[in-house]
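Residue-level listing of the chains:
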Amino acid sequence: MTGPLDEAAGLLRGAKRVVVLTGAGMSAESGVPTFRDAQSGWWARYDPEDLATERAFRRNPDRVFAWYVSRLHAVRRAEPHDGYHALVRLATLLEGVLTVVTQNVDGLHGRAGSRDVVELHGSLEAFRCIACRHPASADDIARLEDGATVIHPPACAKCGNFIRPGVVWFGETLPVDAMERAWRAARTADVALVVGTSSLVYPAAELPSLVAAGGGRIVEINPHETPLSCRADVYWPAAAGEALPALVAACGGSVAK
Ligand code: BJW
Ligand code: ZN
């Protein structure tokens with residue numbers, strides 16, 4: 001009897017081009033709270049969808065900026081788990097190309113050693129002026145107090161406007177180069193491996209459909225069903241940190257950190 005592990009491994013073994021789409025669930029086992037599950041500590045009282053917009057920032061810059069500073073500290077403390085290392089290994093096992101397209105802003109794929117990573121929603125390590133886009137140093141911002149619930153955003157060195165996080169908020173367009181790289185990889189992929197995303201946020205949620213439209217197959221790893229699950233060729237209800245190392249082992253590899 002075959003299960004999702006064998007079916008997923010069967011699809012990946014024959015694949016030349018794989019696109020991996022990850023979301024917040026990929027980092028859950030590294031201790032980074034997912035976006036729609038409860039935020040940790042003091043921030044649990046806020047709905048993250050009410051913090052991740054330019055309107056929210058302009059209304060209450062001190063609170064929204066403090067949320068991003070606290071998350072910058074949290075992701076700097078986090079370490080990539082075995083699932084991240086498994087994706088690095090998978091890229092070396094395939095005969096072709098593996099592109100990681102992530103909605104996450106925590107940089108954990110790059111820190112684990114994945115090479116071809118597309119960050120669709122920006123990065124917590126990138127800060128810039130809200131008006132003239134002049135960059136600001138994340139290290140300077142990380143020197144601001146960890147745990148504060150109110151932090152006044154620094155002023156831009158060029159024009160004096162607020163510094164904002166270099167992430168993509170609701171209602172904002174995604175970076176053009178990231179979109180182009182992700183969409184190009186998806187159109188020609190044999191397999192979309194979709195890990196730890198609610199598949200609710202567009203345009204990222206369209207990516208698996210692009211793979212399917214080009215004749216590719218969809219494998220989804222998520223302990224909970226999503227709107228994608230019924231369309232996936234393989235739906236595997238499992239956690240990323242367990243499923244991905246098992247998948248690599250079934251493809252003939254082991255996970256070395
Ligand atoms: C595990 C696990 C474990 C737990 N292992 N799994 C078409 C239709 C409808 C709406 C729109 C549309 N097109 C555009 C929109 C509007 C909007 C949108 O999609 N809204 C939806 C909410 C309906 N999109 C946008 O505004 C985008 N911009 C855009 O389209 O521009 C063009 C435009 C402009 C103006 C008008 C119209 C169009 C921009 C989207 C930017 C999203 N930004 C955020 C914040 C980033 C910064 C920050 O982090 O603060 O990105 S929102 C948030 O959601 C964040 C995430 O990257 C993103 C996705 O969340 P994700 O990863 O799915 O996380 P969760 O928490 O939701 O789910 C976690 C999952 O993991 C769960 O399923 C768990 O079960 C699972 N899990 N443990 C594996 N161990
Ligand atoms: Zn400026």
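Notes on the structure in this doc start here. On a predicted model such as this, the values are computed, not experimentally measured, just so you know.

**Here's the deal with the sheet that holds strand 6 (residues 163-167)**
In spatial order, the strands read 5-4-6; together these 3 strands make up an open sheet with antiparallel pairing. Among the strands making up the open sheet, the edge pair consists of strand 5 (135-136) and strand 6. As paired elements, strand 4 (residues 122-129) and strand 6 share 4 bridges and run antiparallel to each other. Note on strand 6: the bridge partner recorded for R128 is R164. Against the sheet, helix 3 (residues 61-77) contacts strand 4 and strand 6, and its axis sits at roughly 140° relative to strand 4.

**Structural notes on the nonpolar core**
Membership of the largest hydrophobic core comes to 61 residues, with the highest contact counts inside it found for L193 and L244. Here the element with the most residues in this core is helix 3; it accounts for 8 residues. For this core, the two domains that each supply at least three residues are domain 1 (4-32 + 80-121 + 174-250) and domain 2 (41-77 + 125-167). Aside from chain neighbours lying at most four places away, what touches L193 is L12, V19, V20, L21, L87, L90, V219, I221, L244 and L247. By size, the runner-up hydrophobic cluster in this structure holds 22 residues, among which are V118, L207, L210 and A232.

**Observations concerning the coordination of the zinc ion (ligand 2)**
With distances of 2.3 Å, the protein atoms coordinating the zinc ion (ligand 2) are C129 (SG), C132 (SG), C156 (SG) and C159 (SG). With 4 donor atoms in place around the zinc ion (ligand 2) and angles of 99 to 118° between them, the coordination shape is tetrahedral. Here the donor residues of the zinc ion (ligand 2) are spaced in sequence according to C-x2-C-x23-C-x2-C. Of this pair, C129 sits in strand 4 while C159 sits in the loop between helix 6 (138-142) and strand 6; the two residues are 30 residues apart in sequence, bridging distant segments of the chain. With relative accessibility at 1%, the residue C129 sits in the buried group.

Conventions and cut-offs
Residues numbered from 1 in each chain as written. Chains lettered and ligands numbered in written order. Predicted model: local features only at pLDDT ≥ 70, side-chain atom pairs only at ≥ 80, totals over all residues. Heavy atoms only, no water. Pairing = 2+ DSSP bridges. Helix = DSSP H or I, 4+ residues; strand = E, 2+ residues; numbered from the N terminus. Contact = heavy atoms within 4.5 Å. Axes fitted to C-alpha atoms, helices over the stretch in contact; angles between N-to-C directions. Core = buried A, V, L, I, M, F, W, Y, C linked by side-chain atoms within 4.5 Å. Buried < 20%, exposed > 50% of the residue type's maximum accessible area, 1.4 Å probe, protein only. Domains from an automatic or database assignment. Donors = N, O, S within 2.8 Å, 3.2 Å for Na, K, Ca; no water. Tetrahedral: all angles 85-135°; square planar, octahedral: opposite > 155°, others 65-115°.

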